[in-house]
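# Reading the structure
Listed below are the residues making up each chain.
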Amino acid sequence: MFEDSMFEDFKYFSNFEEKVVRHKVLSHINDILYSMGHDINEYKLMLEKIRPSEIAKDAKDVHFERNIFVSEQDLLLPKRLNVQKLHAYNTIINRVFSGKQGAFFIDGPEGTGKTFLYCALLATIRSQEFIALATATSSVAASILPGGRTAHSRFKIPIVIDDNFCCNISKQNSVARLIRDAKSIVWDEASMAKKNMLKLLMHF
Ligand SMILES: Nc1ncnc2c1ncn2[C@@H]1O[C@H](COP(=O)(O)OP(=O)(O)OP(=O)(O)O)[C@@H](O)[C@H]1O
């Protein structure tokens, strides 16, 4: 429906041949569809596959993070914490909502409830309409956290890391804004990450 009118607009502002202009129009429409969870390729309008732009991918990502659903069950997690975990939970939550900065390191043998504690923290912060990013060094650990992503993926960390590496996020980018707006960041298995990767959080 909008394709013809958009085609005229795109054509007016560029000297590209018609096929290129049509691809630009459909890519633009696809970016909008993509943000709603659809894909223009389903309609088979072009032989060539139309891919979403990086901006559209970031926008979808940001939308997802800002709208993570917190279940009633997750909201009750703090009530199930034992005395030590409740102390850790209260200390972290108080700091988060005090507006002061802070970094906490949770250590403990496997199976002692660290992930359980992270889930309780994430649910409490997200239920108050704040952003809480859930990341982990490995994809297995990330998949256990609600809304979890690997730190590599969330912070766009390059595969090869040297002393001068930087993330593929510009300061004005919507993902950079998301990270700056985050009330808290959980990084599971942080001790498995390289020191340089953890230091990068200071730059956002
Ligand atoms: N307070 C709790 N109440 C009920 N179940 C709990 C509680 N704490 C932990 N569990 C359960 O115990 C199991 C292990 O907990 P969890 O995965 O959080 O441990 P972990 O320290 O993160 O382990 P790992 O180091 O292997 O990742 C999970 O099934 C979890 O649901």
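Structural data are supplied above this passage.
A brief report on the enclosed structure follows. None of the values given here were measured: they were computed from a predicted structure.

## Looking at the environment of Phe 155
Positionally, Phe 155 belongs in the loop between α8 (151–154) and α9 (174–181). Judged by its relative accessible area of 0%, Phe 155 falls in the buried class.

## What to know about helix α2 (residues 18–35)
Each α-helix turn comprises 3.6 residues. Residues three or four places apart therefore point the same way. Between the first and last C-alpha of α2 there are 26 Å, a value that for 18 residues agrees with the 26 Å anticipated at 1.5 Å per step. Taken as a whole, α2 has its buried residues at Val 21, Val 25, Leu 26, Ser 27, Ile 29, Asn 30 and Leu 33. On its buried face, α2 is in contact with α1 (3–12). Within two residues after α2, Gly 37 carries a phi angle of roughly 85 degrees, on the positive side.

## Structural notes on the packing of aromatic side chains
Applying the stated criterion across every chain yields a total of two aromatic pairs. Plain terms: the ring middles of Phe 97 and Phe 130 are 5.7 Å apart, the flat faces sit at 50 degrees to each other, and that makes the pair tilted. Placement of the pair is Phe 97 in helix α5 (residues 83–98) and Phe 130 in the loop between α6 (114–127) and β1 (132–136), with a sequence separation of 33 residues. Of the residues examined, Phe 97 reaches a relative accessible area of 30% and is grouped as partly exposed. Look at Phe 130 and you get partly exposed, because its relative accessible area is 35%. Where Phe 155 meets Trp 187, the ring centres are 5.6 Å apart and the plane angle is 35 degrees; that geometry is what we call tilted. Here the residue Phe 155 occupies a position in the loop between α8 and α9, and Trp 187 occupies one in strand β3 (residues 184–188), the gap between them amounting to 32 residues. Here the two residues Phe 155 and Trp 187 agree in accessibility, since each one is buried. Note that Lys 60 overlies the ring of Tyr 34, its terminal NZ or CZ placed 4.5 Å from the centroid. A cation over a ring is seen here: Lys 183 above Phe 130, with NZ or CZ 4.6 Å from the ring centre.

## Some thoughts on the site of the ligand
Every residue close to the ligand is listed here: Arg 80, Pro 109, Glu 110, Gly 111, Thr 112, Gly 113, Lys 114, Thr 115 and Phe 116. Arg 80 is positioned such that a nitrogen or oxygen atom in its backbone is 2.7 Å from a nitrogen atom of the ligand. Phe 116 has a polar backbone atom sitting 2.9 Å from an oxygen atom of the ligand. Bound to the protein, the ligand loses 53% of the 630 Å² it would expose on its own. Residue composition of the shell around the ligand, by class: two nonpolar, four polar and three charged.

## Concerning the packing of α1 against α2
Interhelical geometry of α1 versus α2 gives an angle of 120 degrees and a closest axis separation of 9 Å. Relative to α2, α1 is oriented oblique. Note on packing geometry: the crossing formed by α1 with α2 is right-handed. Residues Glu 3, Met 6, Phe 7, Phe 10 and Lys 11 of α1 form the contact with α2, whose own contacting residues are Glu 18, Val 21, Arg 22, Lys 24, Val 25, Leu 26, His 28 and Ile 29. Residues belonging to the contact of α1 with α2 are distributed by class as follows: seven nonpolar, one polar and five charged.

Conventions adopted
Residues numbered from 1 in each chain as written. Predicted model: local features only at pLDDT ≥ 70, side-chain atom pairs only at ≥ 80, totals over all residues. Heavy atoms only, no water. Helix = DSSP H or I, 4+ residues; strand = E, 2+ residues; numbered from the N terminus. Buried < 20%, exposed > 50% of the residue type's maximum accessible area, 1.4 Å probe, protein only. Expected span 1.5 Å × (residues − 1). Contact = heavy atoms within 4.5 Å. Phe/Tyr/Trp six-rings, centres within 6.5 Å; stacked < 30°, edge-to-face > 60°. Lys NZ or Arg CZ within 6 Å of the ring centre and 35° of its normal. Near = heavy atom within 4 Å. Polar contact = N/O pair within 3.5 Å; in protein donor to acceptor, adjacent residues only side chain to side chain. Areas by Shrake-Rupley, 256 points an atom, 1.4 Å probe, with all protein chains shown as cover. Nonpolar A, V, L, I, M, F, W, Y, C, P; charged D, E, K, R; others polar. Axes fitted to C-alpha atoms, helices over the stretch in contact; angles between N-to-C directions. Parallel < 35°, antiparallel > 145°, perpendicular 65-115°, else oblique. Left-handed = near helix turned anticlockwise from the far one by under 90°.

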